[in-house]
Structures are given as structure tokens and as C-alpha cells.
Amino acid sequence: MKALRGYPILSHGPFNNPQQYRKFSASQDLFLVGPTETQLSILQDLLQRCGRKGEPLEGKACHGQIVRFGLQTDTLTSNMLINMYSKCGFVDCARMVFDEMPMRSSVSWSTMIGSYTRIGDKEEAVGLFKQMQREGAEVDGFTVAGVLCACAAKLAMFECKQLHAFALKTATHSNAFVGTALLGVYARSGFTGDACQVFESMPERSDVTWSSMIVGYVQNELYEEALKLFRESRKMGVEDNQFTMSSVLSACAGLAALIEGKQMHATILKCGFDSNIFVASTLIDTYARCGIIEEAYIVFSSVEDKNVVVWNTMISGFSRHARSMEAMISFEKMQQMGMCPNEVTYVAVLSACAHKGLVEKGRRYFEQMTKEHNLSPNVFHYSCMVDVLGRAGLIHEAKGLMDKMPFEATASMWGSLLASCRVHGNIEVAEVAATHLFEIEPDNAGNHVLLSDTYAAKKRWAEVIRARKFLKESEAKKERGKSWIEVKDQVHTFNVGERSHPRIVEICSRLEDLLQEMEKLDYTVDTKHDLHDVEELRKQELLRHHSEKLALTYGLMSLPPNVPIRIMKNLRICGDCHSFMKLASNITGREITVRDTNRFHHFKNGSCSCGEFW
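Rules used throughout
- Residues numbered from 1 in each chain as written.
- Predicted model: local features only at pLDDT ≥ 70, side-chain atom pairs only at ≥ 80, totals over all residues.
- Heavy atoms only, no water.
- UniProt positions renumbered as here; feature names shortened; annotations may be inferred.
- Helix = DSSP H or I, 4+ residues; strand = E, 2+ residues; numbered from the N terminus.
- Buried < 20%, exposed > 50% of the residue type's maximum accessible area, 1.4 Å probe, protein only.
- Contact = heavy atoms within 4.5 Å.
- Areas by Shrake-Rupley, 256 points an atom, 1.4 Å probe, with all protein chains shown as cover.
- Salt bridge = Lys/Arg side-chain N within 4 Å of Asp/Glu carboxyl O.
- pLDDT = per-residue confidence, 0-100.
- Pairing = 2+ DSSP bridges.
- Axes fitted to C-alpha atoms, helices over the stretch in contact; angles between N-to-C directions.
- Parallel < 35°, antiparallel > 145°, perpendicular 65-115°, else oblique.
- Left-handed = near helix turned anticlockwise from the far one by under 90°.
- Nonpolar A, V, L, I, M, F, W, Y, C, P; charged D, E, K, R; others polar.
- Phe/Tyr/Trp six-rings, centres within 6.5 Å; stacked < 30°, edge-to-face > 60°.
- Lys NZ or Arg CZ within 6 Å of the ring centre and 35° of its normal.

Under an unreviewed UniProt entry, the name given to the protein chain is DYW domain-containing protein, and the organism recorded is Rhododendron griersonianum. Under the Sequence similarities (unreviewed entry) heading, UniProt states for the protein chain: "Belongs to the PPR family. PCMP-H subfamily."

Q: Just checking my understanding: could you explain the overall build of the protein chain for this structure?
A: Scanning the protein chain from terminus to terminus reveals 31 helices and six strands. Seen through its principal axes, the protein chain has C-alpha atoms that stretch 105 × 55 × 50 Å. Out of the 614 residues in the protein chain, the part that is buried amounts to 52%. Contacts in the protein chain between residues at least 24 apart in sequence constitute 63% of all its contacts with a sequence separation of at least 6. Total accessible area on the protein chain is roughly 29500 Å²; 52% of this is exposed by carbon and sulfur atoms.

Q: Sorry, what's going on with the pattern of salt bridges here?
A: Oppositely charged side chains may form a pair once their charged atoms are brought near each other. For the coordinates displayed, the defined rule picks out 21 salt bridges. Measuring nitrogen to oxygen at the nearest pair gives 2.9 Å for the salt bridge that ties arginine 289 to aspartate 285. Of this pair, arginine 289 and aspartate 285 both sit in helix α16 (residues 277–289), four residues apart, roughly one helical turn. According to the relative accessible area criterion, arginine 289 is partly exposed, its value standing at 30%. Here arginine 460 ties to glutamate 463 by a salt bridge, and the two come within 3.2 Å at their closest N and O atoms. Residue classification places arginine 460 among the partly exposed residues on the basis of a relative accessible area of 33%.

Q: Even after reading the chapter, I still don't get the confidence of the model for the protein chain, so can you show me in this structure?
A: In low-pLDDT regions, the fine details of the predicted coordinates are not to be read closely. Looking at the protein chain, pLDDT values average 84 and 90% of them are 70 or higher. Across residues 1–34, confidence stays below pLDDT 50; counting only partners more than four residues off in sequence or on other chains, it has 60 contacts.

Q: When you look at the sheet that holds strand β4 (residues 592–595) in this model, what are you seeing that I'm missing?
A: Two orientations exist for strands paired in a sheet by backbone hydrogen bonds: parallel and antiparallel. Across the sheet, six strands lie side by side as β2-β1-β3-β4-β5-β6; this open sheet has mixed pairing. Edge positions in the sheet fall to β2 (490–495) and β6 (607–608), since each has one partner strand and no second. Sheet topology note: the strand β5 (residues 600–604)/β6 ladder contains two bridges and is antiparallel. Directly across from lysine 604, in β6, lies its bridge partner serine 607. Helix-sheet contacts for helix α30 (residues 547–558) involve β1 (482–487), β2, β3 (565–569) and β4, and the interaxial angle to β1 is about 15°. On the sheet, helix α31 (residues 575–588) packs against β3, β4, β5 and β6 and is oriented at approximately 35° with respect to β5.

Q: Help me out: how do you make sense of the environment of leucine 47 in this one?
A: Here leucine 47 is to be found in helix α2 (residues 37–53). The sequence separation of leucine 47 and isoleucine 82 amounts to 35 residues, and the corresponding C-alpha distance is 9.9 Å. If sequence neighbours within four positions are ignored, leucine 47 has contacts with Gly59, Cys62, Ile66, Thr77, Met80, Leu81 and Met84.

Q: Please clarify how the environment of lysine 235 should be interpreted in this entry.
A: Tracing the sequence through the fold places lysine 235 in helix α13 (residues 223–235). Sequence separation between lysine 235 and proline 502 is 267 residues, and the spatial gap between their C-alpha atoms is 32 Å.

Q: Help me understand the packing of α13 against helix α14 (residues 242–255), please; the structure alone is not making it clear to me.
A: For any two helices packed against each other, the geometry is given by the interaxial angle and the distance between the axes. Contact geometry for α13 and α14: axes closest at 9 Å, N-to-C directions at 140°. Considering the angle they form, α13 stands oblique to α14. For α13 against α14, the interelement crossing comes out left-handed. Of the residues in α14, those in contact with Tyr223, Glu224, Ala226, Leu227 and Phe230 of α13 are Thr244, Val248, Ser250, Ala251, Cys252, Gly254 and Leu255. Its residues assigned to classes, the contact of α13 with α14 shows eight nonpolar, three polar and one charged.

Q: Even after reading the chapter, I still don't get the packing of aromatic side chains, so can you show me in this structure?
A: To describe a pair of aromatic rings, one takes the distance between the centres and the angle between the planes. Here the structure, examined in full by the defined rule, presents 12 aromatic pairs. Here phenylalanine 331 and tyrosine 346 contribute two aromatic rings whose centre-to-centre distance is 5.3 Å and whose plane-to-plane angle is 70°, an arrangement assigned as edge-to-face. Placement of phenylalanine 331 in helix α19 (residues 324–336) and of tyrosine 346 in helix α20 (residues 343–356) is noted, with a sequence separation of 15 residues between them. Here phenylalanine 331 matches tyrosine 346 in class, with each residue buried. Aromatic pair phenylalanine 438 and phenylalanine 470: ring centres 5.5 Å apart, planes at 65°, arrangement edge-to-face. On the criterion of sequence distance, the pair formed by phenylalanine 438 in helix α25 (residues 427–440) and phenylalanine 470 in helix α27 (residues 461–473) is long-range, its members being 32 residues apart. Counting every residue linked through ring pairs, the aromatic cluster contains Tyr297, Phe300, Trp311 and Phe318. The ring of phenylalanine 98 carries arginine 104 above its face, with NZ or CZ at 4.3 Å from the centroid.

Rendered as C-alpha cells:
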């Protein structure tokens with residue numbers, strides 16, 4: 001057989017089994033006397049099968065027969081060849097077929113552009129789109145959507161906006177594929193307003209469109225908007241898919257909305273998505289982030305074919321709840337099950353070591369990832385090790401590790417080091433860390449607070465005054481602390497010095513009673529945890545009405561006896577509130593869980609799961 005220029009044509013090619021060979025040979029016999037319409041149809045069917053099953057050798061043999069009988073001039077057949085080569089990963093061969101076509105349809109252009117989109121080659125996709133316009137070819141919605149997807153993969157916003165304008169000009173913006181691609185790239189780039197505008201303007205929306213918008217909200221941490229849109233999609237009868245389910249669960253996790261998370265779990269079971277490995281992984285993460293690690297483990301145990309993502313999610317959950325032993329046991333068990341740890345696994349297990357002060361374990365894991373699993377530590381692994389060393393009081397070793405890193409230290413690392421300096425009273429390193437943080441995060445007032453705390457712990461009052469003055473003169477603003485608690489399907493949010501809640505008078509009265517009972521046990525409000533520039537009495541008043549204390553009191557008033565109380569907080573819990581929660585758990589006999597920005601604190605019988613290591 002004569003080979004076409006540039007194509008490695010085979011007469012038959014090696015087939016996977018004799019039956020497959022006989023089937024293809026029989027089709028070849030049809031062409032001994034020349035092709036007919038039926039025989040052409042058989043060849044086209046074979047091409048489609050080769051594309052679906054990824055069988056390039058058989059596809060090339062088909063191509064040989066097409067060339068043999070001069071059928072490559074048929075536009076439909078050439079389109080199928082382009083599609084087959086593209087799906088089999090031979091994009092160069094697809095382009096050769098495309099370039100030698102005497103006549104191209106819009107499907108030809110769309111298929112070739114789609115080939116480049118599939119491999120993430122934005123430049124070729126855009127170049128082909130420009131060539132298409134120069135040659136006066138008809139542009140349809142599928143073509144525009146294909147180029148958009150290629151640009152979206154590279155977050156090329158300039159090109160995407162140009163394509164948006166082109167779509168408006170050519171009236172292809174109403175196409176569902178174009179609209180979905182547009183809102184997807186806007187959402188991924190943080191332009192959720194533009195994404196929402198595209199979504200609202202679409203005359204028709206597919207389930208993929210709804211899913212893309214929900215995913216976009218979650219990616220930009222607009223969790224409440226994501227849940228609202230999901231409810232709307234349910235009312236509209238939109239079919240659910242695994243991406244929607246995972247995204248809505250992520251929104252529940254972000255809000256720590258346990259009730260909504262349980263409702264989603266029921267929906268997942270009803271729809272049969274519980275066997276999906278990614279949905280199951282997100283469900284484990286949701287329960288862990290909502291404070292119920294036991295329920296997360298039940299879901300984990302029910303997953304039959306666990307992959308590395310499921311194991312990582314469970315290990316991360318144990319770490320977040322200071323269940324370091326369970327995290328390390330899971331780490332060893334996953335390897336016994338034949339799973340190889342990846343970078344994410346090591347971040348989770350190193351974080352578990354940091355939360356319990358397991359320095360030697362942390363060092364061993366840090367070395368093991370390179371020696372045993374050939375993984376190069378990235379910025380997250382170094383950040384975890386800085387945390388491991390710093391929390392244990394090895395401040396200078398942590399600083400030395402940062403100095404030796406192959407990349408610049410991040411704000412997270414300097415922040416971790418500064419927090420460790422505050423706990424262990426290392427003013428020298430604290431000032432170095434704070435200087436870097438002031439440059440990297442000039443608007444983060446929390447760094448000024450940490451430095452001031454470090455000075456205050458050493459009774460360096462002149463430096464405390466200077467730090468406070470510097471904070472006051474800067475434009476940095478301290479984030480206002482807030483806590484929220486879920487009671488009877490409603491989320492109640494409290495701020496420090498809260499006055500807007502309808503039951504605030506009753507809450508404050510009940511809180512005062514609780515504080516008086518604690519004072520009998522020698523509890524006193526520790527004003528060193530309040531850095532407001534106000535008088536001592538005012539500081540005591542502010543600390544007495546910290547948001548988590550108000551949330552706890554409301555929980556005691558509203559939830560049945562013996563029901564655990566779960567509180568979520570947007571900042572790190574302060575030392576005074578930590579002491580308060582321990583005493584409250586002892587006096588009331590309640591289990592209290594507080595999730596702050598770093599971890600979960602489980603208070604029971606006067607002690608905390610963190611073991612005072614936080």
C-alpha cells in the first residue's frame with residue numbers, strides 16, 4: 001500500500017486479538033473491487049469506533065484504505081479522521097489531514113480547534129480561529145466555545161474578553177456552549193459578577209451551565225450564593241451531577257453548615273452518587289470541617305475502592321481535629337493497602353505532627369518523602385516543618401530552615417514563625433518575622449497584634465505602645481471577630497460586643513451568671529488578650545462579651561441538655577476564651593467544639609483536645 005505523505009500507514013496493523021483482525025480484514029475485502037456507499041459507511045463506522053476506543057493502529061489502517069480509494073477528499077470522512085487522530089492523541093496527524101482537505105466545513109474547523117483545546121495548546125487554537133476568519137469560513141457556537149475553552153485553560157482573560165465581544169457581534173453568545181464557557185472562565189478568574197451576568201442572560205441553560213456557575217461561586221468562596229443557586233436549580237428540575245454535588249458539599253464545608261451537609265448526604269444517597277469516589281471524598285471533608293470527625297470516618301469506611309484522594313482527605317481530617325495518632329496510623333495503613341503517598345499526603349501528616357508537637361516524627365516524615373517516595377518538598381511542606389519546629393520552641397532551627405529553602409518564604413511561614421515567637425517569647429526573631437510580614441501583608445493588622453502580644457508577654461511596655469501606635473498610624477485594619485452557631489436549621493452570628501440579636505439581653509444575663517459561677521473557681525478575665533486602646537474596665541467588658549462566649553451562651557439556652565455545642569469562628573481563639581471554654585465544659589457538663597482558623601478544639605470535662613499545644 002502506498003503511504004500518504006507524513007502518515008505511518010499500516011496495511012493491517014497489529015490487532016489486540018484474532019477476532020478483531022478477522023473483523024477488520026473482512027471489511028477490507030469489501031474494497032477489492034472499489035468502494036460503494038455501503039462500504040464507505042463501514043469505513044466511517046470503523047473510524048468512529050477507533051476514536052471511541054482509542055485504537056490508533058487500526059485507525060491508521062482505515063486511513064490507508066481511505067487513501068487507497070481516494071476517499072480523503074470526502075469532507076465527512078476527513079472530519080472523522082481528524083476526530084479519530086485527536087482522540088487517540090495524534091494531533092499532528094489530525095492537522096495534516098486538516099491541512100490537505102480541499103473543502104472544510106465548520107465541523108472541520110471546530111474539531112481541529114477542539115483537538116488543540118484538549119491538549120491545552122491555546123496558541124494553535126487561537127491561530128486556527130484567526131485563519132478561519134481570514135478564509136471566510138462560517139463560525140458557529142461550537143467553534144467559539146472551543147477557542148474559549150482553550151483560552152480559559154490558560155486564564156487568558158484578554159483573549160477571552162475579545163471572544164466575548166466577538167460572540168456578541170456574531171450573535172453566538174446565546175449558544176449554551178459559548179455561555180457556559182464564558183461564565184466558566186470569568187468565574188475561574190475571580191470575575192463572579194461577569195459570570196453571573198452571562199448566566200442570567202442565557203436563554204437556555206444546561207445542567208453543565210448550572211453546575212459551572214455553582215462551581216464558580218464555590219471557587220470564589222461565595223458559599224451562600226452557591227447554596228442558593230443549587231436550591232434554585234432543584235426547583236427548576238435541573239439534573240444533578242457529580243460536580244454539582246461535590247461543589248455544594250464544599251460550600252457546606254466552607255460554611256460549616258452541618259444541617260445542609262446532612263441534607264446533601266441524603267440527596268447523594270437518593271441519587272446514587274455515594275459510590276462516586278470524588279463525591280465521597282468531599283463528603284468526608286464536609287463532615288470533618290463541620291466538626292464531626294466520627295461521621296467522616298464512617299463515610300470513609302464505607303468507600304470500597306479508596307484512592308489516594310480519599311485517604312488524604314481522611315488524614316487531613318484527623319490532623320485538623322488534633323487526632324495525630326489516627327492520622328499517622330492511616331498514613332501507614334494506606335501504604336500497606338498499596339497506595340503511594342503524594343505531596344498532599346505529606347502535607348496532611350506533617351500538619352498532624354505540628355498540632356501535637358511531634359518534632360522527631362515530623363523530621364522523619366520530611367526526610368522520608370524524599371528518600372522513600374522521591375518527592376521534592378514544596379512550599380507547603382516547608383511551611384508545615386516551620387510550624388512543627390516553631391510550635392515546639394525550636395525557633396532558631398525553624399528560621400534556619402527558612403533561610404536554606406530553595407524559594408522565598410511566604411507570608412504563611414513568617415506568620416507561623418511570629419506566632420511561635422509570641423508563645424515562646426523570642427522577641428529577636430519575632431521582630432525579623434514581623435518586618436517581613438509588614439512588607440508582604442501591609443494591610444494585615446493581625447501581624448501587628450502578634451508582635452504587640454510578644455512584647456507584652458515580656459513586659460516590654462514601651463515596645464507595646466510603639467507597636468500599637470504603628471498599627472494605629474498604618475492603614476491596616478484588624479478583622480473583627482465573629483462566631484456563629486447553628487440552632488434549629490438557623491445560623492446565628494455574633495460579633496464582639498453584640499447588640500443586634502433579638503435575645504441579646506437574655507444572652508448577656510445568662511453569660512453573667514456563668515461568669516460568676518466561674519469566678520468561684522478562680523477564673524478571671526485575662527486582659528492581655530485584648531489590644532484595644534481603651535481603659536482596663538472596658539477591656540474586661542469586651543473580653544467578657546467575645547463572640548464565641550455569646551455563641552456558647554446562646555447554645556446553652558437553645559439546645560437540649562447533653563447535646564454537643566458546635567461553634568465556628570473566623571479568627572484564632574484567644575487564650576482567655578480557651579480557658580473560658582474549658583471551665584464551661586466542666587460546669588455545664590457539655591461537649592463544646594470550637595473551630596477557629598487553625599483547627600478544631602474539643603472541650604470536655606475541663607480539658608481541650610489540643611492539650612494546650614495550640
